[in-house]
Amino acid sequence: MNFRLALLLFLSFSSAIALQFLPVLPLLAPWVPQWLTLVAIYWALVLDDHFSLSWICFIGLCIDVMNGSVLGLHALALLWISFLVLKNARHFRRAGRMQQILEMGLLILAYQFILWVLQGVMGQAVLQWKPYLMSSLSSAIIWPWLSLLLDDIRFSYVRLKDDR
Amino acid sequence: MLFRRAAGFGWRTLSLSILMIGLMFADLHYRYLNTVRNVLSVALTPLQYALSAPIDALEWLQVSAATQHQLSTENTQLKQQVLLMQVKLQQLINMQEENSQLRALLKSSERITGQFQEAKLLAINLEVNSDEMILDKGAEQGVTVGQIVIDVSGIMGQVISVTPFTSRVLLISDPRSGIPVQDDRSGFQAMILGMGTERPLSLIHVSETADVKVGDLLLTSGLGMRYPEGYPVGVVEEIEKTSGEPFMDIKVRASAQLSQSRRVLLVRHDFSVEQRKRMIEAGLLPYAEKSSGAKL
């Protein structure tokens, strides 16, 4: 992995974390997209078998610490979503734009479902389910723009195909 | 390129999953991982402050863009307020003395008074469904777990964990939060539970014969040794009686502005040994609190 790619990975993940925790009006809070999960999915699709699952776990642990949730909760959810993406990477890459939007919505919903189930198993009651749908919807809508933006930055700074 | 896909990532996912589940288990049931958490949170503290910076900058801009005229009118207003408060304080001091004399006559224990420390909430949007806030004061500034956080109008919550430069507050609207309260009018005692973000609190296990009315102010009762006595928690907003149910459904509006206040006060309160002993004798303290002091 070359230096520029590592830098780009670091910057994209840290800005995703920043966006995730950026203060917003209470009214808008449930509509904040799952930036971090989307960025993780993007890099899983791009890097394929160079994608490091250990690093995604580490990032998940950082989220757990920021959020104050049980250590490993978000790490596990991110890990399983990355696994799903890696497993079906070819399918996702071939999919059309509308199909991708739909599938990203489902993936984000699955991510939050995993969190919900894990929290339920640990006996931490989660009372509201509407925010899950709202953020899945906003994540799905933001996905094409996010992937285009990241593609653009990547093509202009990092030559990935030559490195391989 | 086409065949380079390593079959390994399934195994790696499996082994990492087991590791993470083990981590979750260890974090839930034992306290081994607190050092890991502390190290990571210290590393992430700059990020938390940085995220809060834009809002601080906006506030600063608001102040610096204010005209001299605005500032001077505000200043006179504040001076008037201080004068009023001082007059009220004089009365209060008088009443406090009278009160403690009466309490001595009744042989009841002294009311505790707390020390206050100012703090600010960092503006960070935590995950929906968890009602927690982060304060800009931590162990270095003397914050300890179990301290109470209030704003100008009432109780906001309690400190549940402390890192060197930040601390985490569990708001009273969180489902994990419970406060013993008493009705200011009738003296009736009950518990308030949180029901989630932006939802009214709930006064639980109140039978239909209890003396609770809409509009009653609920104060902390000091039982349970967590929240000190006499701070406002909320106002009864709605009482619903369902026939066949043993208890009423009572909604309470929090006095504190849970989603708006940014400047808060940390209260340091120490229950006297005598008070503690009495509560243990009365069976009001759970066993865990008998041996060690305020512990989560």
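Scroll up to find the structure this text is about.
**Student:** Is there a simple way to think about the overall build of chain A in this case?
**Tutor:** Assigned secondary structure in chain A consists of eight helices and zero strands. Its helices and strands taken in sequence order, chain A reads α-α-α-α-α-α-α-α from the N to the C terminus. With 164 residues in all, chain A has 55% of them scored as buried. When the accessible area of chain A is evaluated, it comes to approximately 8,000 Å², of which 70% is carbon and sulfur surface.

**Student:** I would appreciate a short explanation of a negative patch on the surface in the present structure.
**Tutor:** Taken together, the side chains of Glu 238, Glu 240, Glu 245 and Asp 249 of chain B present a region of like negative charge at the surface. Inspection of the secondary structure assignment puts Glu 240 of chain B in strand β10 (residues 232-240).

**Student:** Honestly, the packing of aromatic side chains in this entry has me stumped. Any pointers?
**Tutor:** Each pair of aromatic rings is reported with the distance of its centres and the angle of its planes. All names here are of chain B. Summed over the entire model, instances satisfying the criterion amount to five aromatic pairs over all chains. Their ring planes at 65° and their centres at 6.5 Å tell us that Phe 25 and Tyr 30 sit as a pair that is edge-to-face. Since its relative accessible area comes to 48%, Phe 25 is described here as partly exposed.

**Student:** How do you make sense of a nonpolar patch on the surface when you look at a structure like this?
**Tutor:** A contiguous nonpolar patch, built from Val 24, Leu 25, Leu 27, Leu 28, Trp 31, Leu 137, Ile 141 and Trp 145 of chain A and spanning about 880 Å² of accessible area, is present on the exposed surface. With a relative accessible area of 47%, Ile 141 of chain A lands in the partly exposed category.

**Student:** Explain unusual backbone geometry to me, please; I cannot follow it from the model alone.
**Tutor:** With the exception of glycine, the majority of residues adopt a negative phi angle, and the majority of peptide bonds are in the trans configuration. In this model, His 205 of chain B sits at a positive phi of 55°, which is unusual for a non-glycine residue. Along the chain, His 205 of chain B falls in the loop between β8 (201-204) and β9 (217-220).

**Student:** How do you make sense of the sheet that holds strand β4 (residues 154-162) of chain B when you look at a structure like this?
**Tutor:** What holds strands together in a sheet is hydrogen bonding between their backbones, with the strands either parallel or antiparallel. Residues and elements named next belong to chain B. Read around the closed barrel, six strands run β1-β2-β5-β4-β3-β12, paired in antiparallel fashion. For this sheet, the mean inter-axis angle between neighbouring strands, taken without regard to orientation, is 45°. Note that strand β1 (residues 115-122) and strand β2 (residues 132-135) share two bridges and pair antiparallel. Counted as the bridge partner of Leu 122 is Ile 134 from β2.

**Student:** Please clarify how the pairing of strand β12 (residues 263-268) of chain B should be interpreted in this entry.
**Tutor:** Taken residue by residue, a regular strand's side chains alternate between the two faces of the sheet. Residues and elements named next belong to chain B. Across six bridges, the pairing between β1 and β12 is antiparallel. Across the sheet, Gln 115 pairs through a bridge with Arg 268, a residue of β12. As judged from the three bridges shared by strand β3 (residues 148-151) and β12, these two strands associate in the antiparallel manner. In the sheet register, Val 149 faces β12, and the bridge partner there is Leu 266.

**Student:** How should I be thinking about the interface of chain B and chain A in this particular structure?
**Tutor:** Interfaces are often sized by the accessible area lost when the parts come together. Taken together, the contact between chain B and chain A spans 44 residues of the former and 51 residues of the latter. Approximately 4,100 Å² of surface area, both sides summed, lies buried where chain B meets chain A, with 66% of it carried by carbon and sulfur atoms. Our count for the contact surface shared by chain B and chain A stands at zero salt bridges. Those elements that provide at least two residues to the side of chain B that touches chain A are α1 (9-29), α2 (34-64) and β2 of chain B. Top element by residues in the side of chain B that touches chain A is α1 of chain B. It accounts for 12 residues. Classifying every residue of the side of chain B that touches chain A by side-chain character gives 24 nonpolar, 10 polar and 10 charged.

The rules we used
Residues numbered from 1 in each chain as written. Chains lettered and ligands numbered in written order. Predicted model: local features only at pLDDT ≥ 70, side-chain atom pairs only at ≥ 80, totals over all residues. Heavy atoms only, no water. Helix = DSSP H or I, 4+ residues; strand = E, 2+ residues; numbered from the N terminus. Buried < 20%, exposed > 50% of the residue type's maximum accessible area, 1.4 Å probe, protein only. Areas by Shrake-Rupley, 256 points an atom, 1.4 Å probe, with all protein chains shown as cover. Patch = residues over 30% accessible without salt bridge, like charges linked within 9 Å, V, L, I, M, F, W, Y side chains within 5 Å. Salt bridge = Lys/Arg side-chain N within 4 Å of Asp/Glu carboxyl O. Lys, Arg positive; Asp, Glu negative; His and termini not counted. Charge placed at Lys NZ, Arg CZ, Asp CG, Glu CD. Phe/Tyr/Trp six-rings, centres within 6.5 Å; stacked < 30°, edge-to-face > 60°. Pairing = 2+ DSSP bridges. Axes fitted to C-alpha atoms, helices over the stretch in contact; angles between N-to-C directions. Contact = heavy atoms within 4.5 Å. Buried area = accessible area lost by both parts, 1.4 Å probe. Nonpolar A, V, L, I, M, F, W, Y, C, P; charged D, E, K, R; others polar.

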